[in-house]
Amino acid sequence: MTSTVYFGSPRQAHLKAEETLPAKLDLIIEKLQLRERVKDELVAIKLHVGNNIGYSVIHPVFVRKIVQAVKDGGGKPFVCDVEWDTASAAERGYTPEVLGCPVFPVGGLTGKYYYAHERTFKNIREWKVAGMIQDATFMVNFAHAKGHPSCAYGGAFKNIALGCVVGPTRSAMHDSCHFDPYWFRDKTNHADDFKKILAACPHGAISEDKESPGDLHLHIEPCNQCGRCLEVAPPESWKIDPVNFHAFQEACANSVDMSLSTFEPGKHTHLVLATQMTPVCDCFGFTSMPILPDAGIFGSDDIVALDQAVLDKMAESRLIEENVPTSMEIHTREGHPLQWLHGPYKDPYKVVEYGAALGLGNRSYELVDVYPVEEKTFGSMGYIPAE
Ligand code: SF4
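Residues numbered from 1 in each chain as written. Predicted model: local features only at pLDDT ≥ 70, side-chain atom pairs only at ≥ 80, totals over all residues.

Enquirer: Can you break down the domain arrangement of the chain residue by residue, with the values?
Expert: How big an interface is tends to be stated in terms of the accessible area lost upon association of its parts. The domain architecture assigned to the chain consists of domain 1 (3-176 + 244-369) and domain 2 (181-240). Here domain 1 and domain 2 have C-alpha centroids that lie 33 Å from each other. On the domain 2 side, the residues contacting the 11 residues of domain 1 number eight residues. It is helix α11 (residues 242-260) that provides the largest number of residues to the side of domain 1 that touches domain 2, a total of three residues. For the side of domain 1 that touches domain 2, the residue count by class is five nonpolar, five polar and one charged. (Domains from an automatic or database assignment. Contact = placed C-beta atoms within 7 Å. Helix = DSSP H or I, 4+ residues; strand = E, 2+ residues; numbered from the N terminus. Nonpolar A, V, L, I, M, F, W, Y, C, P; charged D, E, K, R; others polar.)

Have a look at this one:
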């Protein structure tokens, strides 16, 4: 089965407003028939509104278009995100006056409003879906694409996976990377082995376990799988294993499954704005230089096809290496450009693979360009002598 993904290129042939991304969003809204689908619905518009001095979040110009379309269709929209981000959302222009609808924290002001859902995945038994998400009857998931330190890519899946649950579930999802053991103290020969492994990492990705002194803890985010630690570790004492890196993405797919299961079929749609893509997530509260050229705007009812299409489009470009922070080390140029940046085990396609396995959509898609860029050709030019 093939799903449809609507696409607007960031390129334009002419210097006209109708060839730019907000206008192409209007066309995608029409293709998704958003207005026709939201009558009398309580519509959660899920954004990542960022925090601190980050400015690479989705500009209110785009969000207003979604809000207006929902209102035009007779729906009742609200914009939402996690409570610590909505607390300062006004600093990035996300106010009721600008957007045309209220901005709410998904889990209430204290982040403690949720509905519990049971499913066992590694360390997680219960998934706490945010109350404002489960209370909504329709969701527009509007994500900003960027890199991510845990899984290389943050897009449509990540916007729901971490942003539609409350704090304890978010923490448990990050902890899922540590469920499968990677440190085997009984395989070491000397007390010095511990220190050697710890000292081998140039990225600060290994520390002494706070809860278990004498044991090692791997910080998944800064680890780019360079393998230096493995060179000094006694055999079988320390693992850098894909299972620990992939766990977070499988947790994300499960979290999305849980949140989307609270909506009736056909009552959610998904958008990704792939511009100003930075090395790490908007949670970090700052904006770095772009590490890929702008890829455009994408929309689909199929979240799997959507993130697959965004990743494929990103992969048509090379990493802009001169924009990568100097503390980050590129030791491989194989696979997706986001793997160059975050390491080979942070395969950004894993989340769509797990999502498809859960029945959330198809990896096969047709990309429909809503405003194909006119290719201009120019005839040869005569010689114009200097005066
Ligand atoms: S693989 Fe490299 S980055 Fe990761 S913990 Fe080992 S030394 Fe550090």
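Enquirer: Tell me about the site of the ligand, residues and numbers included.
Expert: The full set close to the ligand counts 14 residues, and Cys201, Ala205, Cys223, Cys226 and Cys229 are the nearest of them. Residue composition of the shell around the ligand, by class: nine nonpolar, four polar and one charged. (Near = placed C-beta within 6 Å.)

Enquirer: So what's going on with the sheet that holds strand β4 (residues 103-105)? Residues and values would help.
Expert: Spatial strand order, β4-β3-β2-β7-β12-β13-β1-β14: eight strands in an open sheet with mixed pairing. Lying at the two open borders of the sheet, with one neighbouring strand each, are β4 and β14 (365-369). Neighbouring strand axes in the sheet, compared pairwise and without regard to direction, differ in orientation by 25° on average. Looking at chain direction, strand β1 (residues 3-8) and β14 are connected through five bridges and run parallel. Among the inter-strand pairings, Tyr6 is bridged to a residue of β14, identified as Val368. (Pairing = 2+ DSSP bridges. Axes fitted to C-alpha atoms, helices over the stretch in contact; angles between N-to-C directions.)

Enquirer: Give a detailed account of the pairing of strand β3 (residues 76-81), specifying residues and quantitative values.
Expert: As paired strands, strand β2 (residues 42-46) and β3 are joined by five bridges and run parallel to one another. In the strand pairing of β3, Ala44 is matched with Phe78. Considered for its hand, the β-α-β crossover made up of β2, helix α3 (residues 60-72) and β3 is right-handed. Here β3 runs beside β4; their pairing, made up of three bridges, is parallel. Across the sheet, Cys80 pairs through a bridge with Phe104, a residue of β4. (Right-handed = clockwise from strand over helix to strand, strands pointing away.)

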